Amino acid sequence: MSSTPAYFTRSGGVFTPNRYSLSLWARATLSGPPVCGLMAREVEAHYCTDEFVPARLTVDLHRAVPAVPLTVHSEVIRDGKRVRAVAIELRSEDAVVARGSALLLRRSTQPPGEVWRAERDRPLPPPSALATIDETLHLFGSDGHAEGWSPKMTEHLNDTRKRKWVRNIPVVEGEPATPFCYAAMTGEQTSLVTNWGTEGIGFINTDVSITFSRMPIGTDMGIEAESHLSDDGIAAGAAVLYDSEGAFGICTTTALANAHRQISGTAIDKLTDVVAEFAVTPDRGR
């Protein structure tokens, strides 16, 4: 028995969701991070090499993914000297329940010259004293909070820029997750940090696309909102992914208004408390 919670258990090529993978929008469905993590695991296991690294991972969430045993299928769409394109599907029996794609690029050298970059303070990790409270703790941050960071989302229900420091659990029980898988699961939370306002989260994302300038370092990483645009119940959001060394990726998402199932900060606080408690008493509920 694993002492660390995970999103899925594996038997051969079948991945069965654990309770931590369930969505707050509808409990019979999966949340976005485990779906993205499972696809990232497939890409890294079969298509990454020392020369080819993931530069983009896109996951389409056109429908809610049911919380049932899943299989993962993928194929190379194009394999060139500098560009490798991959298609990924999650299936429940013979039905496709989610699709994604990945673009891998060959490493090379930087071209000469200087390029414009946005003038802004780079995202920073939370203070080390907070970051070491608990190994599974998610920390929430906003410009409108006096201390900047805290363990409770409910303390950041304001209309300022949001951020989150994420320590995801592994994708598959018994397997150590990689920084790339953690980044995929963190990037899916673009919808959370860009659509999070004074009343919680009222938009549900229909996709996420994560682009990488480099591979992340370590397993602890943050995501910070860059922009939120919305009209007529449709939202577009962008966020920056970063680790202790600085920014390494950009995430974008589209989302639909889901006001009748608005997710409150209280619901998210309860979920993170359950995962943190399990890390201390792993046999509980098993």
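Just above sits the structure.
One numbering rule holds for all chains: residues counted from 1, following each sequence as written. Since the coordinates come from a predicted model, pLDDT governs what is reported: local features require at least 70, and pairs of side-chain atoms require 80 or more to be given and counted, while whole-chain, interface and lining totals use all residues. Side-chain measures were taken over the full set of non-hydrogen atoms in the model, leaving aside hydrogen atoms and water.

Here His138 is to be found in the loop between helix H2 (128-131) and strand E7 (139-142). When accessible area is computed with a 1.4 Å probe and restricted to protein chains, residues below 20% of their type maximum are described as buried, those above 50% as exposed, and intermediate ones as partly exposed. Judged by its relative accessible area of 12%, His138 falls in the buried class. Any N or O atom pair separated by 3.5 Å or less is treated as a polar contact, with the protein-specific requirement of one donor-capable and one acceptor-capable atom, and with residues adjacent in sequence counted only for side-chain atom pairs. Within polar-contact distance, the side chain of His138 engages the side chain of Lys164 at 3.0 Å. A run of H or I in DSSP becomes a helix once it reaches four residues, and a run of E becomes a strand once it reaches two; helices and strands are each numbered from the N terminus.

One side-chain nitrogen of Lys or Arg within 4 Å of one carboxyl oxygen of Asp or Glu is enough to make a salt bridge. Enumeration over the complete set of coordinates arrives at 12 salt bridges. One salt bridge in this structure joins Arg99 and Glu89, with 3.5 Å as the shortest N-O distance. Residue Arg99 is found in strand E6 (residues 95-106), and its partner Glu89 is found in strand E5 (residues 83-92); the two are separated by 10 residues along the sequence. Of the charged contacts in the structure, one is a salt bridge between Arg161 and Glu226, with a shortest N-O distance of 3.5 Å. One end of the pair, Arg161, is in the loop between strand E8 (149-150) and strand E9 (162-166); the other, Glu226, is in strand E14 (residues 221-231), and 65 residues separate them in sequence. Judged by its relative accessible area of 31%, Arg161 is partly exposed. Among the ionic contacts, a cluster of salt bridges with common partners joins Asp143, Arg161, Arg163, Glu224 and Glu226.

The subject of this paragraph is the packing of aromatic side chains. Aromatic pairs are defined between Phe, Tyr and Trp rings, using the six-membered ring for Trp, whenever the two ring centres lie within 6.5 Å; interplanar angles under 30 degrees are classed as stacked, those over 60 as edge-to-face, and all others as tilted. Taken as a whole and assessed by the stated rule, the structure comprises 4 aromatic pairs. Both rings, one in Trp165 and one in Tyr242, keep their centres 5.7 Å apart while their planes meet at 50°; by these two values the pair is tilted. Pair noted here: Trp165 is in strand E9 and Tyr242 is in strand E15 (residues 234-243), with a separation of 77 residues, a long-range link. Here Trp165 matches Tyr242 in class, with each residue buried. Measuring from centroid to centroid gives 5.4 Å for Phe180 and Phe212, while their planes differ by 55°, and the two rings are tilted. Taken as a pair, Phe180 in helix H3 (residues 179-187) and Phe212 in strand E13 (residues 207-212) lie far apart in primary sequence, 32 residues in all. When sorted by exposure, Phe180 lands in the same class as Phe212, which is buried. One aromatic cluster in this structure is built from Phe180, Phe212 and Phe248. We count a charge as sitting over a ring when the NZ of a lysine or the CZ of an arginine lies within 6 Å of the ring centre and within 35 degrees of the ring normal. The side chain of Arg84 reaches across the aromatic face of Phe52, ending 4.2 Å from its centre. In this arrangement the basic side chain of Lys162 is found over the ring face of Trp196, its NZ or CZ atom lying 5.4 Å from the centre.

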